[in-house]
Amino acid sequence: MSRYEVTTRAVRIKLDANEHPYGVVPELRGELQRALGAVDASRYPDASSSGVRALLGRHLGVDADRIVVGSGSNEVMACIATSVRAEVSQVVIPCPTFGMYRVVAGNLDLPVVEVPTDRDFRLEPEAVGRAVSRGSSLVFLCMPNNPTGAYFPHDCVQAALDAGARAVVVDEAYGEFGGSSWVEASGRDPRVIVLRTLSKAFGLAGVRLGYCVAHGEVVGRIDAVRAPYNVGGYSQAAAAVVLERPEVQLASVAPVAESIRDMIRELSGIPGLRPFPSCTNFVLFRVDEGTYGMSATELWEALGDRGISIRRFGGVPELEGHLRVSAGLPEENEEFLAGLRDLGGGER
Ligand SMILES: Cc1ncc(COP(=O)(O)O)c(C=O)c1O
C-alpha cells in the first residue's frame, strides 16, 4: 500500500503545498462567512453537490450532468481509476509528476509504467504513445505538470489516445494559471477526463473540493463509485460563494503569476540556482551544490530552521538536487529569497 507523504511540522512561512497565498479574496470573505453561518450542520448535505455542479457547469460552459464533485480532486482521481479498474492493467505516468497517481495505482494493485522526461523535464509524445498498451492503459497527464511547472506538449494527450489508451486523465489542477484546457475535448471523446480543483486558483484548499468533467457516456460510472454526501455542507457552501462570481476570485491569478515571474527572475540571479519555467503558482529549481555552496537537502533544512518550509522530493531520483517553492505573500517571497542569498556561500 503506498501513501502520500505530507509535512505536518508547524512553520512560519509555508511555501510547500502550492496553496493560494491570498486564499479567498477580501471581496468574497464576508459572503463566505455568511454562507458558512447559514449551513445546517444537523442535516446531511446535498448528496451529489448539485448546486455546486450547476455553478461549475455555468463557469465552464458544460452541462452539469458531466461533472462529478469530490472531497478534493484526489478523491475524484481515485473514483475515476476505480471506475475503469476492471478494464485496465497498467497506469502510465510521466516521470516526474504528481505523486498521488502512483498512490492511486498502488491502492488498486495496478503496475505503473513511467515515461521518462529529459534533463529539462520535457516529455516526448512518441514516448507516451510507446508506453501505452492498447485498450488497457489508464494515463495520467498533469497539465501543467506538478512539480516541474510547465505544460507537456498537447500532443502527449493525443499520442496516448492514438495509441489506444482506455482513459486519459488530464489533471488541470493549475489550469486557471494559464494555458489551454481539455474540457472541450472531454465532451467529444469519452476517454478524455479532465480533473480540476478549487484548492489552487480558487483559494479553497482547506475546503476540499475537486471535480472532473467527463463525457456523458462515462460520467455515470465515475459517479457510481462516489459515496453519497462525499462533500460536506460547509464545503459546498464555501464553493458556491467563489463560483457564484468566479471572475472576482480569479482576478487574484494575475498577481500570483506575476510573483512567480519575479521569483524566477530572482532565482536566476543567485549563483548555483536554476529555476524552471512555470505556468503555475510554484517554481521548481535545481541546486548546483558546488556553485551554491550547499546541497538541496542542506538548503531545505537551513530554510526550515528559519521557519520557511518548501518542498523537497525524497525518494524521487529524477528530482535529486531540486526543490519546489510555492508563491507566497510578497513579504514571504522576499524573506525566502533573502534566505537563499544569505545561505548561498558561492564556490566551495
Ligand atoms: C497536480 C495536482 N493534482 C491534484 C492535486 C490535489 O488537489 P486537491 O485534492 O486539493 O483537489 C494537487 C495538489 O497539490 C496537484 O498538485
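Residues numbered from 1 in each chain as written. Predicted model: local features only at pLDDT ≥ 70, side-chain atom pairs only at ≥ 80, totals over all residues. Heavy atoms only, no water.

1. Regarding the site of the ligand
Consideration 1: Taken together, 13 residues form the shell around the ligand, and within it Ser73, Asp171, Tyr174, Thr197 and Ser199 come nearest.
Consideration 2: Serine 73 places a polar main-chain atom, nitrogen or oxygen, 2.6 Å from an oxygen atom of the ligand.
Consideration 3: Separating an oxygen atom of the ligand from a side-chain N or O atom of threonine 197 is a distance of 2.6 Å.
Consideration 4: Isolated, the ligand exposes 400 Å² of accessible area, and the fraction of that covered by the protein chains is 93%. (Near = heavy atom within 4 Å. Polar contact = N/O pair within 3.5 Å; in protein donor to acceptor, adjacent residues only side chain to side chain. Areas by Shrake-Rupley, 256 points an atom, 1.4 Å probe, with all protein chains shown as cover.)

2. Side note on the nonpolar core
Consideration 1: The biggest cluster of nonpolar side chains holds 53 residues, and the ones touching the most others in it are Leu141, Val168, Leu198 and Leu243.
Consideration 2: With 6 residues, helix 9 (residues 233-244) is the single largest residue contributor to this core.
Consideration 3: Apart from residues lying up to four places away in sequence, valine 168 is in contact with Val139, Leu141, Val157, Ala160, Leu161, Arg191, Val192 and Ile193.
Consideration 4: One finds Val253, Tyr292, Trp300 and Ile310 within the second-largest nonpolar core, a separate group that totals 34 residues. (Core = buried A, V, L, I, M, F, W, Y, C linked by side-chain atoms within 4.5 Å. Buried < 20%, exposed > 50% of the residue type's maximum accessible area, 1.4 Å probe, protein only. Helix = DSSP H or I, 4+ residues; strand = E, 2+ residues; numbered from the N terminus. Contact = heavy atoms within 4.5 Å.)

3. Some thoughts on unusual backbone geometry
Consideration 1: In this chain, methionine 143 is followed by proline 144 through a cis amide linkage whose omega measures -5°.
Consideration 2: By secondary structure assignment, the location of proline 144 is in the loop between strand 5 (137-142) and helix 6 (155-162).
Consideration 3: Cis rather than trans, the peptide bond between asparagine 146 and proline 147 has omega equal to 15°.
Consideration 4: If you trace the backbone, proline 147 turns up in the loop between strand 5 and helix 6.
Consideration 5: Of note, aspartate 109 is a non-glycine position whose phi angle comes to about 60°, a positive value.
Consideration 6: Among the secondary structure elements, aspartate 109 is positioned in the loop between helix 4 (100-107) and strand 4 (112-116).
Consideration 7: By relative accessible area, aspartate 109 is classed as exposed at 66%.
Consideration 8: The residue tyrosine 229 is not glycine, and still its phi comes out positive at about 60°.

4. A word on the domain arrangement of the protein
Consideration 1: Taken domain by domain, the protein consists of domain 1 (13-22 + 252-343) and domain 2 (26-246).
Consideration 2: Each of domain 1 and domain 2 was reduced to a C-alpha centroid, and the two centroids are 26 Å apart.
Consideration 3: The partner domain 2 presents 22 residues to the 24 residues of domain 1 that form the contact.
Consideration 4: In total, domain 1 and domain 2 occlude about 1,800 Å² of area from one another, counting both sides; carbon and sulfur atoms represent 62% of this.
Consideration 5: Scanning the region where domain 1 abuts domain 2 turns up 1 salt bridge.
Consideration 6: Among the salt bridges present, the one from arginine 274 reaches aspartate 120, with a minimum N-O distance of 3.0 Å.
Consideration 7: Counting the contacts that link domain 1 with domain 2 gives 8 residue pairs in polar contact (both at pLDDT 80 or more).
Consideration 8: Counting only elements with at least two residues in the side of domain 1 that touches domain 2, the list comes to helix 11 (253-268), strand 10 (282-287) and strand 12 (322-326). (Domains from an automatic or database assignment. Buried area = accessible area lost by both parts, 1.4 Å probe. Salt bridge = Lys/Arg side-chain N within 4 Å of Asp/Glu carboxyl O.)

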